[in-house]
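The primary structure of each chain is shown beneath.
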Amino acid sequence: MNTKYIFVTGGVTSSLGKGIIAASLAKLLQSRGLSVTIQKLDPYINIDPDTLNPYEHGECYVTVDGAVTDLDLGHYERFLGVETSQANNITTGRIYQNVINKERRGDYLGKTVQIIPHITDEIKRNIVALGSTKKYDIVITEIGGTVGDIESLPYIEAVRQLKWELGDDCVCIHLTYVPYVAAAGELKTKPTQHSVKHLLQNGVQPDVLVLRTEHPLNDGMKAKVALFCNVAKDSVIECMDAPTIYEVPLMMHEEELDMVVMRHLHLDTSKEPDLAEWKCFLARFKNPKKTIKIALVGKYVELPDAYKSISESFVHAGAANEVKVDLQYIQSENVDESNVAEKLAGMSGILVAPGFGGRGIEGKITAVKYARENNIPFFGICLGMQCAVIEFARDVLGYTDANSAEMDTKTPHKVVDLMESQKNITGMGGTMRLGAYPCEIKPGTLAERVYGTTHISERHRHRYEFNNDYLAEFEANGMIASGMNPDNHLVEIVEIPSHRFFIAGQFHPELQSTVLKPHKLFTAFVAAAKAFSEEVNE
Ligand code: GLN
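Predicted model only: the values in this text are computed from it and were never measured. (Residues numbered from 1 in each chain as written. Predicted model: local features only at pLDDT ≥ 70, side-chain atom pairs only at ≥ 80, totals over all residues. Heavy atoms only, no water.)

**Q** Just checking my understanding: could you explain the side chain of His316 for this structure?
**A** Here His316 is to be found in helix 12 (residues 308-320). Apart from residues no more than four positions distant in its own chain, His316 is found in contact with Arg78, Tyr246, Phe281, Ser513, Thr514, Val515 and Pro518. (Helix = DSSP H or I, 4+ residues; strand = E, 2+ residues; numbered from the N terminus. Contact = heavy atoms within 4.5 Å.)

Okay, here's the thing in structure tokens:
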């Protein structure tokens, strides 16, 4: 079968959840036996989000091949359980960079290089490149931004051209918003009509409309939208707010989004999707036996999107443990010795989050100390591990000025130091230690019990590392390195065997947790927190 292409555009406003709709549709198609991948095209000029502040963009998601990407790729992987790569996230910056590199090489043979056809050709090349791997029956391409934005125009034009070239192997889904005007007591479809007009002006007729709404649409409204927008009535799909994003695939199946799309692509719809495992997860997720509180100590807590993969990992791990994890976001800048007991009161587990730079770092170290001294389950991720190392050096080894070279270049006790490979790097974007690296686990450790194996691979995004000059001293005093990179001996996991559950990793386990395969470190941490809460309550 030819690879089929599905385009997802958005209108009216941003934040409508195009990524979740794309991932949900992909899940439904996958559960019907098709192999699916999802790609996100981001219309900004940055090459990737690597240098973006989390407040701008939320979390950076890192793929196995070391691409720093939009957080929607996290949703794609969590829904599908299929790895993505650099090819799944392309920005305008990357498109232009490729075109300009070609121009400098002389590839354009003296032609004037223009948005059409050169930029649009490069966009099209990046879309069909995924299809030409022959690995996928379906490629879903989500166009970031909102129709009508100047920066989205070349993408819409590329979709127009591809729609023409691909014919029946292509379908366009447009996601819009139907606002409820309270004063009139009415839902309004006008913004949808205008947004479709905008697409039409750019030469793209959507085949399917997905209408996000907070109130149910009646049949008349769907018929009206269909009439005004040249779309079949059954191709107008209602999408109500869902209590959890993981419910959306089921809701979209009920609304027959998968059927409609498959009919447009002339695919066989006789087989029902197999969603048994997904429903099993949802049942566990919706019927927790109890609630436990876990603290996420970080500095971007006003913007939970900055920790998206972590919070989703707790959803997966909570369901696996039949508990609801009530994640409490604690601003590390506000934590100090005098209030830490109060701020972390009632927590069954403490997670210290990844991050960069000095803001809030002392609060994170204080939170580690509180967890270590009070035998409360602790889990550190990346900077969280580095904080655990600094705290141990200060409070157990007695190096009161211990720090990471990132925070204090002058301290004589850099227990966390810049990696050798990072010392000559000048550019900031895409130059960290990125992507998946192997890790060997020491037998007989908590890490081995958690993973059930001694060979693992985890994803990274950092510049600093545990300073091995101090390793023997740490181990002699009770903090061991239970996981190491076999090639360069970078410490990947530390733990305190005398503690009930104290483990931290230099890598980002949250990037590998999926709905159907929760990450073992998260499930073990939640299990430890659950056991701890039961002990405390007895
Ligand atoms: N800032 C630290 C480093 O670069 C930790 C990075 C992180 O938490 N992702 O090593």
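**Q** It is not clear to me how the environment of Leu265 should be interpreted in this structure. Could you clarify?
**A** Counting through the fold element by element, Leu265 comes out in the loop between helix 10 (257-264) and helix 11 (276-286). For Leu265, a relative accessible area of 0% corresponds to the buried category. Expressed as a C-alpha distance, the spacing of Leu265 and Pro154, which sit 111 residues apart in the sequence, is 25 Å. Among all residues touching Leu265, those that are not within four sequence positions of it are Lys4, Tyr5, Ile6, Ile138, Asp168, Asp169, Cys170 and Val171. (Buried < 20%, exposed > 50% of the residue type's maximum accessible area, 1.4 Å probe, protein only.)

**Q** Where do I start with the packing of aromatic side chains in this structure?
**A** What characterises a pair of aromatic rings is the spacing of the ring centres plus the angle enclosed by the ring planes. One pass over the structure, following the stated rule, counts 17 aromatic pairs. Residues Phe79 and Tyr246 carry aromatic rings whose centres are separated by 5.4 Å and whose planes lie at 35° to one another, so their mutual orientation is tilted. With Phe79 in helix 3 (residues 72-80) and Tyr246 in the loop between strand 11 (236-240) and helix 9 (248-254), this residue pair connects regions lying 167 residues apart in the sequence. The pair Phe79 / Tyr246 is uniform in exposure class, with both members buried. Of note, Arg433 hangs over the ring of Tyr437, and the distance from its end group to the ring centre comes to 4.3 Å. (Phe/Tyr/Trp six-rings, centres within 6.5 Å; stacked < 30°, edge-to-face > 60°. Lys NZ or Arg CZ within 6 Å of the ring centre and 35° of its normal.)

**Q** What is the right way to look at the pattern of salt bridges in this model?
**A** Where side chains of opposite charge bring their charged atoms close, a pairing between them can arise. Inspection of every chain in the model, using the stated rule, returns 37 salt bridges. A salt bridge links Arg263 to Asp234; the nearest nitrogen and oxygen atoms lie 2.9 Å apart. Highlighted residues: Arg263 in helix 10 and Asp234 in the loop between helix 8 (219-229) and strand 11, separated in sequence by 29 residues. Its relative accessible area of 39% is what places Arg263 among the partly exposed residues. Since its relative accessible area comes to 41%, Asp234 is described here as partly exposed. (Salt bridge = Lys/Arg side-chain N within 4 Å of Asp/Glu carboxyl O.)

**Q** Would you explain the sheet that holds strand 12 (residues 290-298) in this entry?
**A** Pairing between the strands of a sheet comes from backbone hydrogen bonds, and it takes one of two forms, parallel or antiparallel. In space, the 9 strands of this open sheet follow the order 13-12-14-15-23-22-21-18-19, with mixed pairing throughout. Every other strand in the sheet has two partners, leaving strand 13 (323-331) and strand 19 (455-462) as the edge strands with one partner each. Strand-to-strand twist across the sheet, computed as the mean angle between neighbouring axes with direction ignored, equals 30°. Relative to strand 14 (residues 349-352), strand 12 runs parallel, the two being bridged by 4 bridges. (Pairing = 2+ DSSP bridges. Axes fitted to C-alpha atoms, helices over the stretch in contact; angles between N-to-C directions.)

**Q** I tried to follow the site of the ligand on my own but got confused; where do I start?
**A** Lining the immediate surroundings of the ligand are Pro354, Gly355, Phe356, Cys382, Leu383, Gln386, Glu406, Arg461, His462, Arg463, Tyr464 and His508. Within the backbone of Leu383, one N or O atom sits 3.0 Å away from an oxygen atom of the ligand. Note that an oxygen atom of the ligand is positioned 2.8 Å from one of the backbone N or O atoms of Tyr464. Taken by itself the ligand offers 290 Å² of open surface, and the protein chains cover 99% of this. When contributions to the shell around the ligand are tallied by element, the ones reaching two or more residues are helix 15 (383-395) and strand 19. (Near = heavy atom within 4 Å. Polar contact = N/O pair within 3.5 Å; in protein donor to acceptor, adjacent residues only side chain to side chain. Areas by Shrake-Rupley, 256 points an atom, 1.4 Å probe, with all protein chains shown as cover.)

**Q** Any chance you could explain the nonpolar core here in plain terms?
**A** Generally speaking, soluble globular proteins have nonpolar side chains that are buried together. If you look at the biggest cluster of nonpolar residues, it comprises 46 residues, and the most contacted ones within it are Ile6, Ile138, Ile140, Val208, Val210, Leu257 and Val261. With 8 residues, the single largest contributor to this core is helix 1 (residues 18-30). Not counting the four nearest positions on each side in its chain, Val210 is found in contact with Ile21, Ile173, His174, Leu175, Thr176, Ile237, Cys239 and Leu257. Counting 45 residues, the second-largest nonpolar core is a separate cluster that includes Met347, Ala367, Ala402 and Ala405. (Core = buried A, V, L, I, M, F, W, Y, C linked by side-chain atoms within 4.5 Å.)

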